[in-house]
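Coordinates in review
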Amino acid sequence: MMPRPFSPFAFGFVFVAGLAMAFIPTDALAQRKSAKSSKAPVADENAPTAPHSPTITQMPWSLRDIYTFTQGKHQLVVAIETGLWRLLVEGQGAVIDDAGFSITFADGSVWDSSNMGKAATERNPYEDALGKATDFWLEFPSRGSIVVREEILMYEAQPFLLFRLLIGNNSEKPIEVAKISQMVPGPNGITNFGAATDASFRRVAIRGGCPVFDKSAGPALAVFNDKTNGWTLGLGVLSGGSGVSKAEFKPAGPGTYQGEISCTFNPPIRIDPGTKFQGDPLWLSFSLPAPGKVDMYYGWSVAQQPHIDLPDGAPLSWATADADCSEADLYALAQEWAPAQVKHVLVPYGWEGRPGSLEGALPRFPKSMEKVAEKLRGLGMKPGLTVDPLLTNETNADFTAATSDGRRWINLGKPEGRQKAVASMRKVAGWGFDFFAVAPSSIPDEALGHFAMSRAQADQLAMGVMAEAAEGKPVLPTAAPAPLKPVLEDWLEAAAGSSRMSEFGLPVGPVRFDVTGVGELEPAVRSAMSFYRGPIEFMGRPSAELKRQLAEFLPQARTVGRPLDSAKESPRMWQVPTWCQSKRAGSSVVAFPGADGLDVGQVEVEPGEQVRIWSAADGQLVDSAQPVVPVGESVSVFGVSAASDYPALLGASYGFSLLLNDVKDLIWDAQKGILTGEFQGSNTSSATAYVAVPEGWLLETGKVEGGALKKGATNCIQFPVAAGKSTRFTLQFSRK
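In this text the structure is predicted, and so the values were computed from the model without any measurement.

This part is about the overall build of the chain. When helices and strands are counted, the chain shows 11 helices and 46 strands. Viewed in the frame of its principal axes, the chain has a C-alpha envelope of about 90 × 75 × 45 Å. Among the 736 residues that make up the chain, the fraction classed as buried is 55%. At a minimum sequence separation of 6, the contacts of the chain that also span at least 24 residues come to 70%. Charge-centre separation for the chain: the mean point of 67 positive side chains lies 4 Å from the mean point of 78 negative side chains.

Attention shifts here to empty space enclosed by the protein. Summed over the entire model, instances satisfying the criterion amount to 4 cavities of 30 Å³ or more. For the largest cavity, the calculated volume is near 80 Å³. Every residue along the wall of the largest cavity is listed here: Ile 206, Gly 209, Val 237, Leu 238, Ser 239, Tyr 298, Val 302, Gln 305, Pro 306 and Leu 506. Here the residues of the lining of the largest cavity sort into 7 nonpolar, 3 polar and no charged. Considering only enclosed or pocket space, the second largest cavity measures out at about 60 Å³ in volume. Ranked by the residues each element gives to the lining of the second largest cavity, the list is headed by strand β18 (residues 257-271), at 3 residues.

Right, let's get into the environment of Glu 471. Summarising the element assignment, Glu 471 is placed in the loop between α8 (455-470) and β28 (475-477). It is 59 Å that separates the C-alpha atoms of Glu 471 and Thr 701, two residues lying 230 residues apart in sequence.

The terminal C-alpha atoms of α8 lie 23 Å apart, and with 16 residues this matches the ideal 22 Å at 1.5 Å per residue to within 8%. Listed in full, the buried residues belonging to α8 are Ala 456, Ala 458, Asp 459, Ala 462, Met 463, Val 465, Met 466, Ala 469 and Ala 470. Downstream of α8 by a residue or two, Glu 471 has a phi angle that is positive, lying close to 50°.

Turning next to helix α9 (residues 488-503). Relative to the 22 Å expected for 16 residues at 1.5 Å per residue, α9 spans 22 Å between its end C-alpha atoms, a close match to the ideal helical length. A bend of about 35° at Gly 497 is the largest found in α9. Two residues or fewer past α9, Gly 505 is found with a positive phi of approximately 95°.

Before going further, it helps to spend a moment on the nonpolar core. Counting 136 residues, the largest nonpolar core has Val 347, Leu 385, Phe 436, Trp 491 and Phe 679 as its most contacted members. Setting aside chain neighbours within four positions, we find Phe 436 in contact with Leu 385, Val 387, Val 428, Ala 429, Met 466, Ala 470, Lys 473, Pro 474, Val 475 and Leu 476. Ile 175, Ala 199, Phe 265 and Phe 277 belong to the second largest nonpolar core, which has 54 residues in total.

Let us look at the pairing of strand β15 (residues 221-226). A large share of β15 lies buried, amounting to 6 of its 6 residues. Strand direction decides the pairing type here: strand β12 (residues 197-202) and β15, joined by 6 bridges, are antiparallel. Its bridge partner being in β15, Phe 201 is matched across the sheet by Ala 222. Inspection of the sheet shows β15 paired to strand β16 (residues 231-237) by 6 bridges, in the antiparallel sense. Paired with Asp 226 across the bridge in β16 is Trp 231. What sits between β15 and β16 in their antiparallel hairpin is a turn of 4 residues, with Gly 230 showing a positive phi close to 70°.

Moving on: the pattern of salt bridges. In a structure, side chains of opposite charge can pair up when their charged atoms sit close to one another. On inspection of all chains with the given rule, the structure shows 32 salt bridges. Across the salt bridge formed by Glu 151 and Arg 164, the nearest N and O atoms sit 2.5 Å from each other. Taken together, the residues Glu 151 in strand β9 (residues 146-155) and Arg 164 in strand β10 (residues 161-169) connect sequence positions 13 residues apart. Each member of the pair, Glu 151 as well as Arg 164, carries the same accessibility label: buried. For Glu 471, the salt bridge is made with Arg 426, and the minimal N-O distance between the two is 3.0 Å. On the criterion of sequence distance, the pair formed by Glu 471 in the loop between α8 and β28 and Arg 426 in helix α6 (residues 415-429) is long-range, its members being 45 residues apart. When its relative accessible area of 59% is taken as the criterion, Glu 471 is described as exposed.

The 3 strands are arranged β24-β26-β25 in an open sheet whose pairing can be described as antiparallel. With partners counted over all chains shown, the strands left at the sheet margins are β24 (391-392) and β25 (400-402), one partner each. With 2 bridges joining them, β24 and strand β26 (residues 408-410) adopt antiparallel strand pairing. Within β26, the position partnered with Leu 391 by the bridge is Trp 409.

Okay, the packing of α6 against α8 next. Close contact between α6 and α8 brings their axes to 8 Å; oriented N to C, the two are set at 50°. Of the possible angle classes, the one that applies to α6 and α8 is oblique. Judged by the sense of rotation from one axis to the other, the crossing of α6 with α8 is right-handed. Taken together, the residues of α8 that come into contact with α6 (itself represented by Arg 418, Ala 421, Val 422, Met 425, Arg 426 and Ala 429) are Leu 461, Gly 464, Val 465, Met 466, Glu 468, Ala 469 and Ala 470. Broken down by class, the residue content of the contact of α6 with α8 amounts to 9 nonpolar, 1 polar and 3 charged.

The tally for this structure, following the rule as stated, stands at 0 disulfides. With no disulfide of its own, Cys 580 lies closest to Cys 716 among cysteine sulfurs, the gap being 17 Å.

Running from N to C, α9 and helix α10 (residues 523-530) cross one another at 15°; their axes reach a closest spacing of 8 Å. Considering the angle they form, α9 stands roughly parallel to α10. Between α9 and α10 the crossing geometry is left-handed. For the pair α9 and α10, contact is made by Leu 488, Trp 491 and Leu 492 and by Ala 524, Val 525, Ala 528 and Met 529, respectively. In terms of residue class, the contact of α9 with α10 is built from 7 nonpolar, no polar and no charged.

With that settled, consider the pairing of strand β35 (residues 611-615). Burial analysis of β35 places 4 of its 5 residues in the buried class, the great majority of the element. Sheet topology places β35 next to strand β38 (residues 636-642); 5 bridges connect them, and they run antiparallel. The partner of Val 611 across the bridge, within β38, is Ala 642. Counting the residues in the hairpin turn of β35 and strand β36 (residues 621-622) gives 5 residues, including Gly 619, whose phi is positive at 80°.

It is worth spelling out unusual backbone geometry at this point. In this chain, Asn 266 is followed by Pro 267 through a cis amide linkage whose omega measures -5°. Topologically, Pro 267 is positioned in strand β18. Going from Leu 362 to Pro 363, the amide bond is cis rather than trans, its omega being 0°. Here the phi dihedral of Gln 341 falls at roughly 65°; this positive angle occurs in a residue that is not glycine. Mapped onto the elements of the fold, Gln 341 is located in the loop between α4 (327-337) and β22 (344-347).

Moving on to the side chain of Asp 214. Among the structural elements, Asp 214 can be located in the loop between β14 (210-213) and β15. There is no salt bridge for the buried Asp 214, and the closest opposite charge comes from Arg 203, which lies 8.5 Å off by N-O distance. When near neighbours in sequence (up to four residues on either side) are disregarded, Asp 214 contacts Arg 203 and Ala 480.

This part takes up the sheet that holds strand β39 (residues 648-652). Pairing in this open sheet of 4 strands is antiparallel, and the strands run β39-β42-β45-β44 from one edge to the other. Looking along the sheet, the strands with just one partner apiece sit at the ends: β39 and β44 (710-711). The sheet contact formed by strand β42 (residues 687-692) and strand β45 (residues 716-721) spans 6 bridges and is antiparallel. Each bridged residue has a counterpart across the sheet, and for Thr 688 the counterpart in β45 is Pro 720.

Procedures and definitions
- Residues numbered from 1 in each chain as written.
- Predicted model: local features only at pLDDT ≥ 70, side-chain atom pairs only at ≥ 80, totals over all residues.
- Heavy atoms only, no water.
- Helix = DSSP H or I, 4+ residues; strand = E, 2+ residues; numbered from the N terminus.
- Buried < 20%, exposed > 50% of the residue type's maximum accessible area, 1.4 Å probe, protein only.
- Contact = heavy atoms within 4.5 Å.
- Lys, Arg positive; Asp, Glu negative; His and termini not counted.
- Charge placed at Lys NZ, Arg CZ, Asp CG, Glu CD.
- 1 Å grid on protein atoms, 1.4 Å probe; cavity = no way out; pocket = protein on both sides within 12 Å on 5 of 7 lines; lining within 4 Å.
- Points joined across faces, edges and corners; volume = space filled by probe spheres on them.
- Nonpolar A, V, L, I, M, F, W, Y, C, P; charged D, E, K, R; others polar.
- Expected span 1.5 Å × (residues − 1).
- Bend = angle between axes of the 7 residues up to and from the residue.
- Core = buried A, V, L, I, M, F, W, Y, C linked by side-chain atoms within 4.5 Å.
- Pairing = 2+ DSSP bridges.
- Salt bridge = Lys/Arg side-chain N within 4 Å of Asp/Glu carboxyl O.
- Axes fitted to C-alpha atoms, helices over the stretch in contact; angles between N-to-C directions.
- Parallel < 35°, antiparallel > 145°, perpendicular 65-115°, else oblique.
- Left-handed = near helix turned anticlockwise from the far one by under 90°.
- Disulfide = S-S within 2.5 Å.

Read these as geometric descriptors, not functional statements.
Take a look at the structure:
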């Protein structure tokens, strides 16, 4: 599923030759085109290694050779000689100035945009999973047989750009890179934001392509919504699994932020002779006015990256215990959580005795873990197991390594090592467990260094090995260690981190919820929990009231929600799409306590569509002409539907989907003036349905099963919808 491109969307490309530099000669272009292969570009051993002179790096922008990328009313300007760039926003000037990249090598030396030498440049057509684009690249002179190329991808139909950095090694020795900073702003940082600017940072770690919410992780996306000037800046990273990437920025004064977008490799990544390495791309959006749109396009972009797939029926909740638990603890846990409708139990990391033996740790667990799976199943639970595919008892030095702690590790980067690991994990998959969670490995740096592999790479490979070995059973990353608290802010922040990614089909990793000391959950917290689309891992002993609440909550489907105020850490305003008979039937907007108000301009509608907004509490139509609609101090729900010149069902005062997902046979007969439909009875409590009656129409007769029609709010009639029963309605209208 691809998001609808932002409209209108304008793209302009300008090349200015302000200095003596002209287009690259034809023969040079031919040489560069022929050099495109799996090998790095040919190095120039005699290229200069000294930094640029100040006359080049400090030259006024009006005198530099530049590429100019125009989106909407704003411009990205790139200096060809240095790769430095600036972002010009209409009416505000340079919001980002003299931004560039840097490369930190394992020996501590740093190369950056200002000392790479004068780059050669070219542009070529390009296409990837994100669409068709033009690839504008700058290739810098080689230094010591190391070649650096920066690429800027401008997509034809998407309102964002990608910056990619490639490092080629044409020497006879490997080189090691500790960090790539794809974006380092100039001394002023990101600045010139208006006084009313919100900023949020989506703290999710990507494991196996799956987003895992982790408050301690570096942000994957930074969103700055300048409400004063009506635009939004999005700066993110598309993780490829080779390092730990983050878009980390912190306030540094009024309207100013300092930081960088970087990818760190621990231990340093090794680039062998004759090969090249590509860092994680910088994702940049600056033309979209609404932060919700930035969130949408970024979520879609992440979902297009390689990731593991989850089969239908993957668990959305489970109970687990600490790593030092015993099998008896898990059996007690299963009985404790069963009344709360938790139907899965995860055996935590720590069950294994001798590392890599695939045998239980006596006396806490039996030698054969099949017995644990069988016993949990006998208690009515579906068992899961936490694994580390990097541990092994293999001794072949060609693809394994021993470390000083007495453990052995397998090199998943070697074909034979991967085959052995898959075969080993297939044995585990045959023990009778229903799902598997892959833990971040404790593999020491000495083993990773021996394998010439970063920790992130090893983790990515481990996820892939277990997914292959499980043969269709769900495989997920483990939850981050820090549990979420039973407060609204935590759950809204967690949901916002991956809601859009989930909507585009990306599996979402679990979050941990320790219920120790939690008596009950406030209604708003339970509502926020429903917007989290990934599994919830429960720890601790639930209270009687919490069991009752969870028994009602867990069997329900999670809510597909889109944060509208996504430039806030914990968005309070969410839009929920609804369907009727597999057709889009409008949407609803859910306002949580603390929301500033419903910003009508941020509500997502079809291009050119006129909508009406109404309150689900009483059916009252809202004046859409006012820019911000006031909301209450409790959870409020508003309906959003296309305005029509004939009577139409708005929805009902039940749930976030307004019962529209429950309606069938909804038909408007224009010739007869008859509106018919049926609520199928999925509501567990009674509700009120609302029908908008535009000016010029009059209700003649109406029939509702189990209820009667009555006059509602202005231009609206209403009727009851009984709980758990079918409610069919037939309404006859005439023109006044």
